[in-house]
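Single-letter residue listing:
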Amino acid sequence: MNKKIIPYLFGLSAAGVTILTAGVFSAILLPPGDAMSDLPVPATPQAAKKAAQAIMQSKCADCHGAKPAFNGLSNLLSLGQVKRDIIAAQRAFTMEPDGSLRSANIDFLKMDHVLKTRNMPPALYTAVHLGKGLTLADVAIMRYHYDREDAMSRAFAPIRPANMTNEEYSAFIWGITDHEDTPSRQEISRALAKVYLGHRLFFDTRLSTNNKVSCATCHDLTRGGTDNLPKSEGVPGPDGKPQLGGVNAPTVFNAEGNIRQFWDGRAADLQEQAGGPPLNPIEMGFSVPEDWGTIAKNIKDDPEYRILFPLVYGDKGISADTITDAIAAFERTLVTPDSAFDRYLTGETDAMTEAQISGMHAFVNYGCATCHAGPTLGGQSFEYINTHTPLRAHAPNYTEGAFGLRDFTKKEEHKDMFRVPNLRNIALTSPYFHTGTVDQLDEAVRIMFESQVGITPSASVVRDVTEFLRAQTGCYKGKPLDKLTPEDVEPRLNISETEK
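All of the points below concern the structure found in this document.

Observations regarding the pattern of salt bridges
- Scanning the model with the defined rule gives 21 salt bridges in all.
- A salt bridge links Glu-304 to Arg-200, with the nearest nitrogen and oxygen atoms 2.5 Å apart. Of the two residues, Glu-304 is situated in helix H15 (residues 303-313) and Arg-200 in helix H11 (residues 185-202); the sequence distance between them amounts to 104 residues.
- Salt bridges sharing common partners tie together Arg-200, Asp-204, Arg-206, Asp-302 and Glu-304.

Take a look at the structure:
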């Protein structure tokens, strides 16, 4: 028996079996979602919004509102399960959106999935809170208000939309986003120079104390933007051996799409993230802000830097700000379009196999796409890793004390909430999870079903979802990521490009 049910049953025995029976039967007798199509909905979108908000306040706010409350007696009779469920509800979704925790897109998709599956509130919760369950009419109103037909387009999008022109795409990847019109040639040339400068710096080992570790050391572009190690190797410690980072290095590809950077979200954007490793005593060896002066001194005599820094930054010189800004500009170009999945989304129906298409439907139907969503299939929210079973139970070798967002915010309610990894190129970025302890992609899929969905998936579901994830391998500069060589990714100055 599910251990979560036992406390409820204890409380229900005091409340009466009749209530439980009524709640369970009402859940069993609910007709499928298609049966809602004939139900009346408000006449106008404004009326639907008002009705949906009233439903949320009367039936959802108890757990998902800004100040959830619970009956002390009910909590006592359930041995504290009511309070634990409210904590879980707050982790999953709140009615007052917090953009630092998850994007509005993720909030929408979670709501849509719950309304589609009608798995909230749980039957046992409904049984002891008469009148709190969502009726078919409630669901029809809310799905009308939240425009369920738009759910798939919100869940997935090609990483480069088909209707984006080359000029618009160039402006996007060079970070020129504040222009209504196409950027001028001079602006493009300066942007290209900045990207090339950042590219050089990304590969420059002189940003480390031993002149051997660069950004590309842990984020190898020929290995899916990772190093394929459980924990990355930094500069040597007192024993002369490379020091190991505390968590698995996430991919740098498509990182611009992340809500925040690092597993624990301690960096707001790519520039702030780029400033982290150089001043990490374990990773690149420096430790205090003043060390940026040493880094600048180490690279100031490089012939190309002596030209590029003034060209891009004028009299700002070489500093923490200009170095990290250039690296961030380069990292924004590390997008990987044209995967089989992208081609499928833009109308190439035979781009994916039958197994991959089946896996895509399973990915959506089981709710995976509520968190692994958007163009990068993730990165847009922080989620609790132990929803149904502790993820660490599947990672017995993980002993370090990384607790996700709590390590950054210091808020206990954020313990074990980690930034959802993006799944682009996931077949190339093993080992998996922040623990780096799972080597095989199909095993990672199985674990996520058990930990986050709460089921033991069939072998065929695991196989198809894994095949769907293999369809996420994209291209960099027109070449598939799994075919890249060092020559494809190392910085080279193309003068003709900057003169166009």
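Some details on unusual backbone geometry
- In this structure, the amide linkage connecting Ser-430 to the following residue, Pro-431, adopts the cis form with an omega of 0°.
- With respect to the secondary-structure elements, Pro-431 resides in the loop between strand S4 (417-419) and helix H20 (441-453).
- At Asn-254, a position not held by glycine, the phi torsion is positive, near 65°.
- Considering the arrangement of structural elements, one finds Asn-254 in the loop between strand S2 (242-244) and helix H13 (270-274).

Notes on the environment of Gly-225
- Along the polypeptide, Gly-225 turns up in the loop between helix H12 (215-218) and strand S1 (233-236).
- Spatially, the C-alpha atoms of Gly-225 and Leu-481 are 9.3 Å apart, while their sequence positions differ by 256 residues.
- Not counting residues within four places of it along the chain, the set of residues in contact with Gly-225 comprises Cys-218, His-219, Asp-220, Pro-250, Thr-251, Val-252 and Phe-253.

Brief notes about the packing of H11 against helix H16 (residues 320-331)
- At a minimum axis distance of 7 Å, the contact between H11 and H16 shows a crossing angle of 100°. One element, H11, and the other, H16, form an angle in the roughly perpendicular class. Side by side, H11 and H16 meet where Lys-194, Val-195, Leu-197, Gly-198, His-199, Leu-201 and Phe-202 of the first sit next to Ile-323, Asp-325, Ala-326, Ile-327, Ala-329, Phe-330 and Glu-331 of the second.
- Of the residues contributing to the contact of H11 with H16, the split by class is nine nonpolar, two polar and three charged.

Section: the pairing of S1
- Bridge count for S1 against S2 is two bridges, and the pairing is antiparallel. Its bridge partner being in S2, Glu-233 is matched across the sheet by Leu-244.
- Adjacent in sequence and paired antiparallel, S1 and S2 are bridged by five residues, among which Gly-240 carries a positive phi angle near 85°.

Parameters and conventions
Residues numbered from 1 in each chain as written. Predicted model: local features only at pLDDT ≥ 70, side-chain atom pairs only at ≥ 80, totals over all residues. Heavy atoms only, no water. Salt bridge = Lys/Arg side-chain N within 4 Å of Asp/Glu carboxyl O. Helix = DSSP H or I, 4+ residues; strand = E, 2+ residues; numbered from the N terminus. Contact = heavy atoms within 4.5 Å. Axes fitted to C-alpha atoms, helices over the stretch in contact; angles between N-to-C directions. Parallel < 35°, antiparallel > 145°, perpendicular 65-115°, else oblique. Nonpolar A, V, L, I, M, F, W, Y, C, P; charged D, E, K, R; others polar. Pairing = 2+ DSSP bridges.

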